[in-house]
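# Survey of secondary and tertiary structure
In case you want the letters, here they are:
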Amino acid sequence: DVQALGRLGQVCRRLRFLSSRDLLWKRIARGCLNSGFTQLGTDLAPGIPVKERVKVSQNWRHGRCRRETVLKWKCNLMPWMELDGQYLYLSQAENIQAYQLCPDGTGLQRHPQAIFSGHQEDVCRFVLVNSHIVSGGGDGNIVLHKIHGSYSVKFSAHEQEVNCVDFQGGLIVSGSRDRTAKVWSLSAGRVGQCLHTVQTEDRVWSIAISPLLSSFVTGTACCGHTSPLRIWDFESGQLLTCLGTDFHHGAGVLDVFYETPSLLLSCGYDTYIRYWDIRTSTRKCVREWEEPHDSALYCIRTDGNHMIASGSSYYGVVRLWDKRQTQCLQSFHLSSPTSSPVYCLRFSTTHLYAALASALHVLDFTAS
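Because the structure is predicted, anything quoted here is derived from the model rather than measured. Here the residue index of a chain counts from 1 through its sequence in written order. Whole-chain, interface and lining totals are the exception, using all residues; otherwise, since this is a predicted model, local features are given only for residues with pLDDT of at least 70 and side-chain atom pairs are given and counted only at 80 or more. Think of the side-chain values as coming from all heavy atoms in the structure, minus any hydrogens and water.

### Let's talk about the nonpolar core
Inside soluble globular proteins, nonpolar side chains tend to come together where they are buried. Defined as follows: What we call a nonpolar core is a set of buried Ala, Val, Leu, Ile, Met, Phe, Trp, Tyr and Cys residues that are connected through their side-chain atoms within 4.5 Å. Buried, partly exposed and exposed residues are distinguished by accessible area as a fraction of the type maximum, computed with a 1.4 Å probe on protein chains only: under 20%, between the cut-offs, and over 50%, respectively. In DSSP terms, a helix is any run of H or I states spanning at least four residues, a strand is any run of E spanning at least two, and both are numbered starting from the N terminus. Note on contacts: a residue pair is in contact if any heavy atoms of the two residues lie within 4.5 Å.
One finds Y89, L108 and L360 to be the most contacted residues of the largest nonpolar core, which totals 25 residues. Of all the elements in the fold, those that place two or more residues in this core are strand 1 (66-72), strand 3 (87-92), strand 4 (95-100), strand 6 (123-129), strand 27 (351-355) and strand 28 (359-364). L108 has contacts with V70, L71, L88, Y99, Q100, L101, C102, Y353 and L360, leaving out every residue within four places of it along the chain. Grouped together as the second largest cluster of nonpolar side chains are 19 residues, V56, L329, F332 and A354 included.

Below, the structure written as structure tokens:
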């Protein structure tokens, strides 16, 4: 166990070297929070020694971290962000800005390395896939940027704002306030061509493509239709199934996230995080966790294994959850005295980034 390996490493240099090998720590790490290993054993952080990740994982579990506000802006926004290796991409009004992370892990550089523009109104959401940024904006347009180059494509997508987008396998899916979800082609000669228009009967707040690229899920406002979570077929655009049966009116789904092709997480206005396994049942989720202060949940993220991080609608509250437990592990209040939702959060094995209405906060879990 951890204690035995730690004591063994204090005997001499030779045993310290042997007891620090990744092979000995992998089994332990797979049972830890946010250690960089998925349920299937995939290593998401191969450059970091596994023993060090196990040590940092204890800080995540016990809430030991250093907090810092790294960016502030004057007017309130609804920012979104993506994390990719050495850069953090953050939407601010109609632009997406790329900030370089400091190599020593102390935060990020205050001035953007690149700015991606193209929208006339605020960027609602964007995704970063295979060195491409796909964004949807309040102007109803979708914009595609190639990060390393000047290539960009812009096309009119919806009659109202594009609330959410996803991009995989040469296909874009988008959801809008105009009560439709659409599938778009990016293949040669068909860029920006609409392949399917899905009538969702409700405003679409969140959308995600299945890792198998065979279907996508939409999360809607749950006002015009009683099932806010529905899965649609890519080929035909037809409804495959609805998830859940006991949603209340207005229990809109604000974020949805595929962990594996059959496992997905959802959260929204009804204050619950729900964990769905479509192999076992589409009528009832396999697990659920309730936000203890009855706040809407704006965003969720998972490490692909045991940990979930959620962002609440009041006072910038970020919570850490262990799927193996029913209660919240840790809570962090990032905005006080003014209240702000956590519009988006992302994390690595060492840092958590939370975007609020007027600032970007970083929690550094390498601090002991």
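### So, the environment of R287
To keep it simple, the criterion reads: Identification of polar contacts relies on pairs of N or O atoms within 3.5 Å, with a donor-acceptor requirement for protein atoms, meaning one able to donate a hydrogen and the other able to accept it, and with residues adjacent in sequence counted only if both atoms are side-chain atoms.
Following the sequence through the fold, R287 ends up in strand 21 (residues 287-290). Classification of R287 as partly exposed rests on a relative accessible area of 39%. Taking the C-alpha atoms as reference, R287 lies 5.2 Å from Y275; in sequence the two are 12 residues apart. A polar atom in the side chain of R287 sits 3.3 Å from the backbone oxygen of K323.

### Quick look at helix 3 (residues 22-29)
Applied cut-off: Along the arc lie the directions from the helix axis toward the C-beta atoms.
Those residues of helix 3 not exposed but buried are W25, I28 and A29. On an axial view of helix 3, the arc spanned by its buried residues comes to 95°, and they lie on one face. Facing away from the buried surface of helix 3 by more than 90 degrees, the exposed residues are L23 and R27. Residues of helix 3 that are buried make contact with helix 1 (2-8), helix 2 (13-19) and helix 4 (50-62).

### Regarding the pairing of strand 12 (residues 180-185)
Put simply, the test is: Should DSSP find at least two bridges between two strands, the strands are regarded as paired.
Strand 12 sits mainly inside the fold: 6 of its 6 residues count as buried. Burial of strand 12 is two-sided: the residues T180, K182 and W184 facing one way and the residues A181, V183 and S185 facing the other way are all buried. For strand 11 (residues 171-176) and strand 12, the ladder comprises 5 bridges, and the chain directions are antiparallel. By the bridge assignment, L171 is partnered in strand 12 with S185. Linking strand 11 to strand 12, which pair antiparallel, is a turn of 3 residues; within it R179 sits at a positive phi near 70°.

### So, the sheet that holds strand 19 (residues 263-268)
Formally: Every axis corresponds to a line fitted to the C-alpha atoms, with the helix fit spanning only the stretch in contact, and the corresponding angles, defined between N-to-C directions, vary from 0 to 180 degrees.
Pairing in this open sheet of 4 strands is antiparallel, and the strands run 18-19-20-21 from one edge to the other. The open sheet has two free edges, formed respectively by strand 18 (253-258) and strand 21, since each of these has just one partner strand. Between one strand axis and the next, the sheet turns by 15° as a mean value, whatever way the strands run. As paired elements, strand 18 and strand 19 share 5 bridges and run antiparallel to each other. Within strand 19, the position partnered with V253 by the bridge is G268.

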